[in-house]
Amino acid sequence: MKGDLLCLPCTVRTAYDIAVKATSDKNVQNKLVYETIKWLANDPNVLNDTPAAFHTYVQRLAKKITGNPDPFRELKKASNEIALRAVKVLENKCRCLEFKESFRLAALGSICGNTIDFEVEGHRFFMDELETSLCACLKENLAIDDTSNLLLTLSKSKKVVYLLDNAGEIVFDKFFIRKIRENFPVKIIAVVKEGPILNDATMEDAEQVGLREVAEVITTGNDHIGFDLEESSEELLTHIRTADIVIAKGQGNYESITEVENVFPRPIVYILRAKCSLVADKLGVPRNANIVKVID
């Protein structure tokens, strides 16, 4: 998914948000925002990149200018802690359902976890309201519901690569992965970021939520939002090439993988909430729609 003019003001806002999280020094904050504007204004090919690449550039620029390697660290830890309490709501609801409906609700729950996002234009998330918003979200529908196709694919699979998205959200992914493991004899490779980038999950987050209990955990080999083919480790690329199915969580993975789907095995499963209007338009759904989309 290529960038759009709407991505430019969104990227500048993200630069500001990162700046105020990274440092209290107003001069340094100003420098980061001005350098972001200068980059966007002077690169004539900037819209050939993905939105995920825009925000990756800004986060890396922020690390260089502010000297803060992980402005979202405490926010990620808090997200994980709150999600570990809130996921019990999902666990209790799934316990009362037959398998297919329980599986579908677990998938929806992982999408509800995808609302834990602090850097999407127009999307507002408040951690103290997570349990309330989760209960509301679990009553929603899937605008694209390919869960039956996903179940069929899993029944034929031996190896799944699960590309994770945000901290906090990974608690709900862990529950969904456990649901898969309990019902299908598959090996699951869960993938987090090698280095901190926004509030994306890293190995530190995986350890905090006990992700190794349900999957083998590796990193992307980089600190790029979503998936970046050139920067990915050979370990990750080998797992992708030998996977029977790749599950890609979140908007960043959707934005980036849609540009390189040709290097992925089929099927690819996109699981996300379309929080951005551009992503929603691309998928042909209303904004904030819940998506489980299988690409065969």
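Described in the following lines is the structure provided in the data block. Given the structure is predicted, the values throughout are model-derived calculations rather than measurements.

### Focus on unusual backbone geometry
(1) Moving on: Following Arg266, the chain continues into Pro267 via a peptide bond in cis, with omega recorded as 0°.
(2) Moving on: Looking at the element boundaries, Pro267 is found in the loop between helix H11 (250-257) and strand S6 (268-273).
(3) Moving on: Even without being glycine, Leu198 reaches a positive phi, approximately 50°.
(4) Moving on: Residue placement: Leu198 occurs in the loop between strand S3 (187-192) and helix H9 (203-209).
(5) Moving on: Residue Asn288 is not a glycine yet carries a positive backbone phi of 70°.
(6) Moving on: Residue placement: Asn288 occurs in the loop between helix H12 (277-283) and strand S7 (290-295).

### Quick notes on the packing of helix H4 (residues 73-95) against helix H5 (residues 99-113)
(1) Moving on: At a closest axis distance of 9 Å, the pairing of H4 and H5 adopts a crossing angle of 165°. Judged by the inter-axis angle, H4 sits roughly antiparallel to H5. The chirality of how H4 crosses H5 is right-handed. Within the contact between the two elements, H4 uses Leu90, Lys93 and Cys94 and H5 uses Ser102, Leu105, Ala106 and Gly109.
(2) Moving on: In terms of residue class, the contact of H4 with H5 is built from four nonpolar, two polar and one charged.

### Some points on H11
(1) Moving on: Judged by how many residues are buried, H11 sits mostly within the fold: eight of eight residues are covered.
(2) Moving on: All of the buried residues along H11 are Gly250, Gln251, Gly252, Asn253, Tyr254, Glu255, Ser256 and Ile257.

### Side note on the pattern of salt bridges
(1) Moving on: Across all of its chains, the model carries 19 salt bridges by this definition.
(2) Moving on: Measuring nitrogen to oxygen at the nearest pair gives 2.5 Å for the salt bridge that ties Arg73 to Glu204. Here the residue Arg73 occupies a position in helix H4, and Glu204 occupies one in helix H9, the gap between them amounting to 131 residues.
(3) Moving on: A residue is classified by how much of its surface remains accessible, and Glu204, at 38% relative accessible area, is partly exposed.
(4) Moving on: In this structure, the salt-bridge partner of Lys249 is Asp173, at a minimum N-O distance of 2.7 Å. Highlighted residues: Lys249 in strand S5 (residues 245-249) and Asp173 in helix H8 (residues 169-183), separated in sequence by 76 residues. Here Lys249 and Asp173 have matching classes, each one buried.
(5) Moving on: Salt bridges sharing partners connect three or more residues here, namely Arg60, Lys63, Asp223 and Glu231.

### Here we look at the sheet that holds S6
(1) Moving on: The mixed open sheet is built from seven strands, whose spatial order is S1-S7-S6-S5-S2-S3-S4. This sheet does not close on itself; its edge strands, each paired only once, are strand S1 (144-145) and strand S4 (216-219).
(2) Moving on: Note that S3 and S4 share four bridges and pair parallel. The partner of Val192 across the bridge, within S4, is Thr219.

### Quick notes on the state of the cysteines
(1) Moving on: Scanning the entire structure with this criterion turns up one disulfide.
(2) Moving on: The side chain of Cys112 participates in a disulfide bridge whose partner is Cys137; the two sulfur atoms lie 2.0 Å from each other. Judged by the sign of its S-S torsion, about -90°, the bond between Cys112 and Cys137 is left-handed. Highlighted residues: Cys112 in helix H5 and Cys137 in helix H6 (residues 130-137), separated in sequence by 25 residues. Like Cys137, Cys112 is buried.
(3) Moving on: Between Cys96, a free cysteine, and Cys94, which holds the nearest cysteine sulfur, the sulfur-to-sulfur gap is 9.1 Å.
(4) Moving on: According to the relative accessible area criterion, Cys96 is exposed, its value standing at 68%.

Definitions and cut-offs
- Residues numbered from 1 in each chain as written.
- Predicted model: local features only at pLDDT ≥ 70, side-chain atom pairs only at ≥ 80, totals over all residues.
- Heavy atoms only, no water.
- Helix = DSSP H or I, 4+ residues; strand = E, 2+ residues; numbered from the N terminus.
- Axes fitted to C-alpha atoms, helices over the stretch in contact; angles between N-to-C directions.
- Parallel < 35°, antiparallel > 145°, perpendicular 65-115°, else oblique.
- Left-handed = near helix turned anticlockwise from the far one by under 90°.
- Contact = heavy atoms within 4.5 Å.
- Nonpolar A, V, L, I, M, F, W, Y, C, P; charged D, E, K, R; others polar.
- Buried < 20%, exposed > 50% of the residue type's maximum accessible area, 1.4 Å probe, protein only.
- Salt bridge = Lys/Arg side-chain N within 4 Å of Asp/Glu carboxyl O.
- Pairing = 2+ DSSP bridges.
- Disulfide = S-S within 2.5 Å.

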